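Coordinates in review
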Amino acid sequence: MFSLFIIILILLFSQRKKIEAILLPFAIGLLISYILDPVVVFLSTKGIKRSIAVALIYFILIGSIIIALVYIIPVILMELNNLINTIPFYTREIQDIVKDFKMKYKATLPAGVQEVIDRNIAQIEKILLSILQNIANIIMGWVSSLFSIILGPVVGFYLLKDLDKIKINMVHFLPYNQKQQVISFLEKIDTTLGRYIRSQLIVSFIIGILTTLALYILRIDFALLIGLLAGITNIIPYFGPFIGALPAVIITMLRYPHKIVWLIIAIIIIHELESGVISPHIVGENVGLHPLTVIFSLLVGGTFFGLWGMILAVPVAALVKIMLVSRLKKS
């Protein structure tokens, strides 16, 4: 049995790209249904039929998104095109900075020290170039996943519309003596993860807007793309704000070095607002995980599944904790 489990894990890992492509629409749909279900339930308590409530919410959301995208999509496409075209420029800028630095220290430092510095500079140069390339790859990955992203809301619509039936059918197939346990388990998941996921998305949306506005005010390139990245990565505890701010810092250092101080001040202000004002009022409770568990989950998720793995690491870890605690209580 254990050998079969290991074989299944190996097969899943080897085909993870295809599995991700298949599961992405369902993951997005599940997330949408999870976020919007409280609104649907609220409207249902007011006497509105569930299917009509779902259609009404989708009509309002789709209308708002269409209006917003009429103005936002052209800007995103323009910034994406500019980013792709300017990556060679930033590459040359990094190389020029390295050359200038080498010219300055080679005249004064011993050969042994120069060799050590050369090795470290080459490593830093590779890291910076890799970061720029990864930014472009992430954005292109979103574009290539566009069909799955569009299909996600469709899946979410049917999940929301038939959620009550799905729950009844799931419980119906369970043995009678396990029904109450499963219902109680699902309620714990909703209590633990529901508020966390919804509130984190609200906080990340606010951070994305604040970051975009700050970059627009400072007139730094790719404000909308960087703001979008900052909002998404802010979902990731500890590492998220750093990942989101890094592209802005690199671009500002290379193209607008005189603005770097103002950028850092803006990042600090946004971070302080998020940690001191926004999160305490919106997020409130956490998922009850020790910081070491969170960091370990993030490392595992990021190593095997990249950015999506880091985003989903904490909710999955919290889910595993709930399952383990329930199992221990039974035993």
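The structure displayed is predicted, hence computed values, not measured ones.

Right, let's talk about the overall build of the protein for a bit. Secondary structure assignment for the protein yields eleven helices and zero strands. When its helices and strands are written in sequence order, the protein yields α-α-α-α-α-α-α-α-α-α-α. Expressed as a percentage of its 331 residues, the buried residues of the protein come to 33%. Sequence separation of at least 24 residues holds for 73% of the intrachain contacts in the protein that already meet a minimum separation of 6. Carbon and sulfur atoms form 74% of the exposed surface of the protein, whose accessible area is close to 21,100 Å².

Okay, a nonpolar patch on the surface next. Taken together, the side chains of Ile62, Ile66, Ile67, Val70, Tyr71 and Ile72 define a hydrophobic patch exposed on the protein surface, amounting to about 620 Å² of accessible area. Relative to the assigned elements, Ile66 resides in helix α3 (residues 50-106).

Right, let's talk about the nonpolar core for a bit. The biggest cluster of nonpolar side chains holds 16 residues, and the ones touching the most others in it are Leu193, Ile236, Leu289, Val294, Leu298 and Val314. When residues in this core are grouped by element, the largest group, nine residues, is from helix α11 (residues 291-330). Both domains that meet at this core, namely domain 2 (176-283) and domain 3 (286-330), each give it at least three residues. In this structure, Phe222, Ala223, Ala248 and Ile251 belong to the second largest nonpolar core, which totals 13 residues.

A few words now on the UniProt feature "transmembrane region" (unreviewed entry) in the protein. Per the UniProt record, "transmembrane region" (unreviewed entry) is found at residues 26-45, 52-73, 138-160, 201-218, 224-248, 260-283 and 295-320. For residues 201-218, the helix share is 100%, the strand share is 0%, and the end-to-end C-alpha distance is 26 Å.

The subject of this paragraph is the side chain of Asp37. For Asp37, the location among the structural elements is in helix α2 (residues 16-45). Given the relative accessible area of 15%, Asp37 is considered buried. Among all residues touching Asp37, those that are not within four sequence positions of it are Arg50, Leu160 and Leu163.

This part is about the pattern of salt bridges. In this structure the tally under the stated criterion is three salt bridges. Between Arg50 and Asp37 there is a salt bridge, and its shortest N-O distance comes to 2.7 Å. Residue Arg50 is located in helix α3, and its partner Asp37 is located in helix α2; the two are separated by 13 residues in the primary sequence. The exposure class of Arg50 is buried, given its relative accessible area of 12%.

In total, this model carries two aromatic pairs according to the counting rule given. Ring plane angle 80° and centroid distance 5.3 Å describe the contact between Tyr58 and Phe157, whose orientation is recorded as edge-to-face. On the criterion of sequence distance, the pair formed by Tyr58 in helix α3 and Phe157 in helix α5 (residues 146-161) is long-range, its members being 99 residues apart. For Phe157, a relative accessible area of 22% translates into the label partly exposed. Taken together, the aromatic side chains of Tyr58, Phe157 and Tyr158 make up a single cluster linked through ring pairs.

On average, residues of the protein score 75 in pLDDT, and 72% of them are at 70 or above. Per-element confidence in the protein is highest for helix α8 (residues 223-233), whose mean pLDDT is 85, and lowest for helix α4 (residues 111-144), whose mean pLDDT is 63.

Take unusual backbone geometry next. The phi dihedral of Arg219 falls on the positive side, at around 60°, and the residue is not glycine. Here Arg219 lies in the loop between α7 (176-218) and α8. With relative accessibility at 68%, the residue Arg219 sits in the exposed group. Of note in this structure, Phe222 is not a glycine but carries a positive phi near 60°. We classify Phe222 as buried; its relative accessible area is 6%.

Another point: the packing of α8 against helix α9 (residues 240-255). Packing of α8 against α9 leaves a shortest axis separation of 7 Å and a crossing angle of 160°. In terms of orientation, α8 lies roughly antiparallel with respect to α9. For the crossing formed where α8 meets α9, the hand is right-handed. Seen from α8, the contacting residues are Ile226, Leu229, Ala230 and Thr233; seen from α9, they are Gly240, Pro241, Ile243, Gly244, Pro247, Ala248 and Ile251. Of the residues contributing to the contact of α8 with α9, the split by class is eight nonpolar, three polar and no charged.

Conventions adopted
Residues numbered from 1 in each chain as written. Predicted model: local features only at pLDDT ≥ 70, side-chain atom pairs only at ≥ 80, totals over all residues. Heavy atoms only, no water. Helix = DSSP H or I, 4+ residues; strand = E, 2+ residues; numbered from the N terminus. Buried < 20%, exposed > 50% of the residue type's maximum accessible area, 1.4 Å probe, protein only. Contact = heavy atoms within 4.5 Å. Areas by Shrake-Rupley, 256 points an atom, 1.4 Å probe, with all protein chains shown as cover. Patch = residues over 30% accessible without salt bridge, like charges linked within 9 Å, V, L, I, M, F, W, Y side chains within 5 Å. Salt bridge = Lys/Arg side-chain N within 4 Å of Asp/Glu carboxyl O. Core = buried A, V, L, I, M, F, W, Y, C linked by side-chain atoms within 4.5 Å. Domains from an automatic or database assignment. UniProt positions renumbered as here; feature names shortened; annotations may be inferred. Phe/Tyr/Trp six-rings, centres within 6.5 Å; stacked < 30°, edge-to-face > 60°. pLDDT = per-residue confidence, 0-100. Axes fitted to C-alpha atoms, helices over the stretch in contact; angles between N-to-C directions. Parallel < 35°, antiparallel > 145°, perpendicular 65-115°, else oblique. Left-handed = near helix turned anticlockwise from the far one by under 90°. Nonpolar A, V, L, I, M, F, W, Y, C, P; charged D, E, K, R; others polar.

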